[in-house]
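# Breakdown of the fold
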Amino acid sequence: MTRAALAALGVVAALVVCTRIAAADPDADAQAAFNAAVARDDIAALEELGAARPITRWSDDAWAEAARLSIKTGDLARARRALEQVIAIGTDAQLVRRARGDLARIKGFTGDAGEWTQVAIEHERLLAQLPQGGDPRATLAQLEQLARAHPGYPRAPMLMVAIAAAWERAGEGDRAIAWLREAETVATTRADQLHVAAELVRTLIRSGALATAENELAQLSRDAGPGLVNSLRKMLDRAKLRRTARYVCWGILAVIAALAAFSLRRAAGSWRAALRRLARPPFEALFLLPLGGVLIAFALTGNALIARTVILIVGFGLATSWISGAILEGSAPVRLSRAALHASLAVVAILAAVYIAVDQGHVIDFVIETWRRGHERG
Amino acid sequence: MRAFWATALGLGCGLAGCGSDGGGGDPEEFVDSGGTLAIEGCGYSLTTRLGAEAPKRSGDKLGPDPTPRLVHLGFMGDPRTSIVAQWRTADETTTVTKMRYAAGENLAPEALTETVIGVRFRYNSTGTDLFHMHQAHACNLQPGTTYSYQVGADDHWSPVYTFTTAPDVEANPDTEVVLGYLGDSRGGYDVWMQLAAQVQTRTPDLILFSGDAVTIGLTQYEWEEFLGVAEPLLATTPLVIAHGNHEANAVNFYSQFALPGDQENFGFDYGFAHVFVANDSPDNPSELTVDIPMAMDADFTAHASARWKMLMHHRPMYSSGSRHGSATDLQAAWGPVVDKHQLDLVLNGHEHQFEMSKPIRNNEVQATNADGTVYIVAGGAGAPLYGFDTPGFWSEYTESTHSAAVIRVRRDQLTFEAFRTDGTMLPAGFTKTKP
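Read on for a plain summary of the structure. (Residues numbered from 1 in each chain as written. Chains lettered and ligands numbered in written order. Predicted model: local features only at pLDDT ≥ 70, side-chain atom pairs only at ≥ 80, totals over all residues. Heavy atoms only, no water.)

### Remarks on the overall build of chain B
Of the regular secondary structure elements, chain B holds seven helices and 27 strands. Taking 2.2 N^0.38 as the reference for a compact globule, 435 residues should give roughly 22 Å; the C-alpha atoms of chain B span a radius of gyration of 21 Å, in line with that estimate. Principal axes of the C-alpha set define a box for chain B whose edges measure 65 × 45 × 40 Å. Counting every position in chain B, which comprises 435 residues, the buried fraction comes to 67%. Contacts spanning at least 24 positions in sequence make up 69% of the contacts within chain B whose residues lie at least 6 apart. On chain B, roughly 13600 Å² of surface is accessible, and the fraction owed to carbon and sulfur atoms is 53%. (Helix = DSSP H or I, 4+ residues; strand = E, 2+ residues; numbered from the N terminus. Rg over C-alpha atoms; globule rule 2.2 N^0.38 Å. Buried < 20%, exposed > 50% of the residue type's maximum accessible area, 1.4 Å probe, protein only. Contact = heavy atoms within 4.5 Å. Areas by Shrake-Rupley, 256 points an atom, 1.4 Å probe, with all protein chains shown as cover.)

Encoded structure:
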C-alpha cells in the first residue's frame, strides 16, 4: 500500500468517525437513559444522568425524577438536593416552578433547615402502617408518642387529626375528641384551625355529644363560610332529630313490652304459666322463622351493613310474633276491636324496631338517599 | 314568545355590541332562556343554558363594588393557546368585563399590556337573586408559556395571578404535565381547602375534578365556598370538572365553568394525555347507554394515537365502597369502550374514599398495568367518608380517607400518586411506562 493510499484511508476513517460523532444525538441517548432509569426506579442513575455534562434536554428531567423517587422512598434530604439541581439548570420554566413548589412543600414538612426531617419520615411511615382493619393500637401509641414529643412539628395539627380519626374508627370517641382538642391548641394557620374545628364538631356529633357540638359549631360559625356551617348544622340537626326518634321508639317498645307482659300474664293466669307459654314457639313464630332465614341468607350475600340491619329486623319481628302468638295462644275468639288493637300494637312495635335497626350504622342515610334519588342504576 | 324575542335581541346586541353596555338598557331585563355568542378571535362560541340569559359582550357600567371575586380558570378551546378567566364581582351589577395580561411570571400590573374585553351573563337558580358571571377569553397565546393576568375593570382589578398554557409536545418531547385529581368536596369545604393547598404545592398544570363539588347544585352559596376557599389554586390552574349527581344539572354548574364542547361530554388533549370527560347523571338517563358511549368511542377513535388515554366521570364502574358500590350499568354500557381503546386510567368519585384497582380488561384482572385499565376512585375531597365492603376482585388498595392525587404525564411514563389532607402519601401509587 502506498503512502498516498494510506493517507487516503486515514482521511476516510477520520471522516467516518467525525460523521458518527456528528450524527450522535445526545438528547436521544439521554432520553433512552432517562426512560431506562425511570423504569427501574433507579435514583442513582437519574442523578448520574442529571450531573452528566454537557447538559441535555433531559438533565433537569432526570433530577426532577430523582427528586420524585427520593420523596417516594422518604429520602427527603436527597430530594431537596435533586430539586436544587433542577432550579440550577433552569432550562424548563415549568419544571423549575414545580421544583420550587416541591422544595417549599418539603420545607413545610421538615422545617427550613431540615430540623423536622426525621419526624416527617416517621410520620409518613407510621401512617402508612396504620391498618384500616385490625387493631391499630400499637401504631397509634407510636403516633401519639411522636405527636407529644414534637408539638412544634409543622404538621402536628394534621397528625393529631389523623390520630383522632383512627381512635374514632377504633371505637374510642372520647380519645378522638381529646386529640382534636389538643390539635386546636397547636393549629396556627387558618386552614388548619378551620379543619380541626370542623373535625371536632363532626366527631362530637357522631359520638352523640350534641350539646357540646352545638357550642363548638356556634364558635366555628364566626370564621367559617356558610357552606361548611350549614353542612355541619344539617348534620347536627339530623343527629338531634334521630336521637329524639330513637328515644321515642325505645319508649314505644318499652310501653308495648309492658302491655304485652301484662296481657300474657292475664291470658296465662300467672307469671309462671306465662313463661311456660313463651318457652314454646307459637305457630306465628314457626311460620316466620324460615321466611326470616331466607331474608337473612339473601342479605348476607350483599352489603354487610344492610345484612346486620336485616338480621336485627328479622330478630325483632320474630320476637314480636313470638310474644303475640303466646298472648293469643288458646284464647277464645276475640272481638274485632281487640284483634285490631292487638295487630296495631304489633305493627307499631315492628315499626319502632325497624327504625332502631336502620338507625344503627346510619343505614337510614341509605334509605333516605334511595327515597330521594331512586336506587343506584348500577 | 317573549323569551324568544328577548333572547334573539340579547344575542344580536351581544354580537353587534349595540347599546351603551352592549346588551340592552339599564336595568337590563333578565330572560332565562340561554343563548349563544361567538367569541371573537377564539373560533368558538359560548352557549348558556336554560336558567341563564344569553351571553353579552362587556358593558360599561360599574356597580357600587366592582371588586372581582371567585376568580377561576377554565378553557373551551385549545389549552395550548387559550384560557378563560371567570369571576363575579362583589356587587352583581357591574357590567364591565376585562382581563389584562402579558407573558411572564408575577409581573407588575403596569406590565400587563394586552387587554381582552370579556363577556358576561346572569343566571338565576332559585328565588329572585341574579348571579352575574364574567368571562374573559384569551386566545392566540403561546404554548407552554406563563402569563400574568388580572381581571376586573379600571381601578378595580383582582390581584395579579399567573397561569401557564399547555405545552406543545411536538417541540418539547421531554414535557411533563401534572394533572391534579380529586372529587366530592360537597359540604366539607375545610377539607377541600386543605387538599386544594396540598395539590397546589405540587404545581399542577390542570385540575381534574370528578364531580359533586356541592351538595345541591342549585345552592349558590355552596359554589361560592367551593370556589372561594380554593381561589389561590383555581385562579392559577384551569379546572376541568365532571358533572356529578349532586350537581343535578343545575344552571349554576353550567354557568360557572368554561369547559370544552357541551360541558358534559367532551375530550381534550393536555400534554401527552388525552382525557374524555363524561356526564353519568344526564337529564335523560337513556343517553347513558347510547349517546354517551358513542361520543366516547368516536372521541377515542379520533385520538387513537394519543400516548395516554383517560376517562373521567363521577360514578365508578368498579368500587368496593359500601355506599354505592360498582355502577354496573356503566360497566355494561361504557366498559366495552374503555376496553376497546385500552384506556390507561379511569378517574371517578361518588364513593367518598380512595380505591385503586388492579389493571382490568374485559372485567378480568390483568397481570400488568400494560395490559389493563386502572380505575381510581378518589371521592374524598371533603364529603363525609364512606366505608368499604369486602374489597372486590379488582381492588388493589382501599383507604377510607380524605385524599387527592396527581398524575404526572410524560411521553413514555405516567405516574400516579395519591396523598391525604396532611400531605402524607397513600401507599397506592404506580408508574406505567410505554415504549
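Continuing now.
### A few points about the sheet that holds strand S14 (residues 206-209) of chain B
All names here are of chain B. In spatial order, the strands read S15-S14-S13-S25-S26-S27; together these six strands make up an open sheet with mixed pairing. Each of the sheet's edge strands pairs with one partner strand only, and the pair in question is strand S15 (239-241) and strand S27 (430-433). Each strand of the sheet is rotated relative to its neighbour by a mean of 20 degrees, with strand direction disregarded. Where S14 meets S15, three bridges bridge the pair, whose relative direction is parallel. Each residue of the ladder has a partner; that of Leu-208, found in S15, is Val-240. (Pairing = 2+ DSSP bridges. Axes fitted to C-alpha atoms, helices over the stretch in contact; angles between N-to-C directions.)

### Let's talk about the state of the cysteines
Residue and element names in this part refer to chain B. As enumerated under the stated definition, the model contains one disulfide over all chains in all. Each sulfur of the disulfide joining Cys-42 and Cys-139 lies 1.8 Å from the other. Measuring handedness by torsion sign, the sulfur bridge of Cys-42 and Cys-139 sits at about 105 degrees and is right-handed. One end of the pair, Cys-42, is in the loop between strand S1 (35-39) and strand S2 (44-48); the other, Cys-139, is in the loop between strand S9 (131-138) and strand S10 (146-153), and 97 residues separate them in sequence. Assessed through its relative accessible area of 13%, Cys-139 is described here as buried. (Disulfide = S-S within 2.5 Å.)

### A closer look at the side chain of Asn124(B)
Residues and elements named next belong to chain B. Mapped onto the elements of the fold, Asn-124 is located in the loop between strand S8 (119-123) and S9. Reaching out from Asn-124, the side chain makes a polar contact with the backbone oxygen of Asp-129 at a distance of 2.9 Å. Contacts of Asn-124, omitting those with residues within four sequence positions, involve Phe-30, Gly-51, Asp-129, Leu-130 and Val-251. (Polar contact = N/O pair within 3.5 Å; in protein donor to acceptor, adjacent residues only side chain to side chain.)

### Quick notes on the interface of chain B and chain A
Contacts between the two partners involve 61 residues from chain B and, on the opposite side, 50 residues from chain A. Overall, the association of chain B and chain A removes approximately 4700 Å² of surface from exposure, summing both partners, and the carbon and sulfur fraction of that is 45%. The salt bridge involving Arg202(A) is made with Asp190(B); its shortest N-O contact spans 2.8 Å. Joining chain B to chain A, the criterion identifies 24 residue pairs in polar contact (both at pLDDT 80 or more). For the side of chain B that touches chain A, the elements supplying multiple residues, two or more each, are helix H2 (189-200), helix H3 (220-229), helix H7 (328-340), strand S24 (395-399) and strand S26 (413-420) of chain B. Broken down by element, the side of chain B that touches chain A gets its largest block of residues, six residues, from H2(B). Of the residues belonging to the side of chain B that touches chain A, the class tally is 14 nonpolar, 26 polar and 21 charged. (Buried area = accessible area lost by both parts, 1.4 Å probe. Salt bridge = Lys/Arg side-chain N within 4 Å of Asp/Glu carboxyl O. Nonpolar A, V, L, I, M, F, W, Y, C, P; charged D, E, K, R; others polar.)

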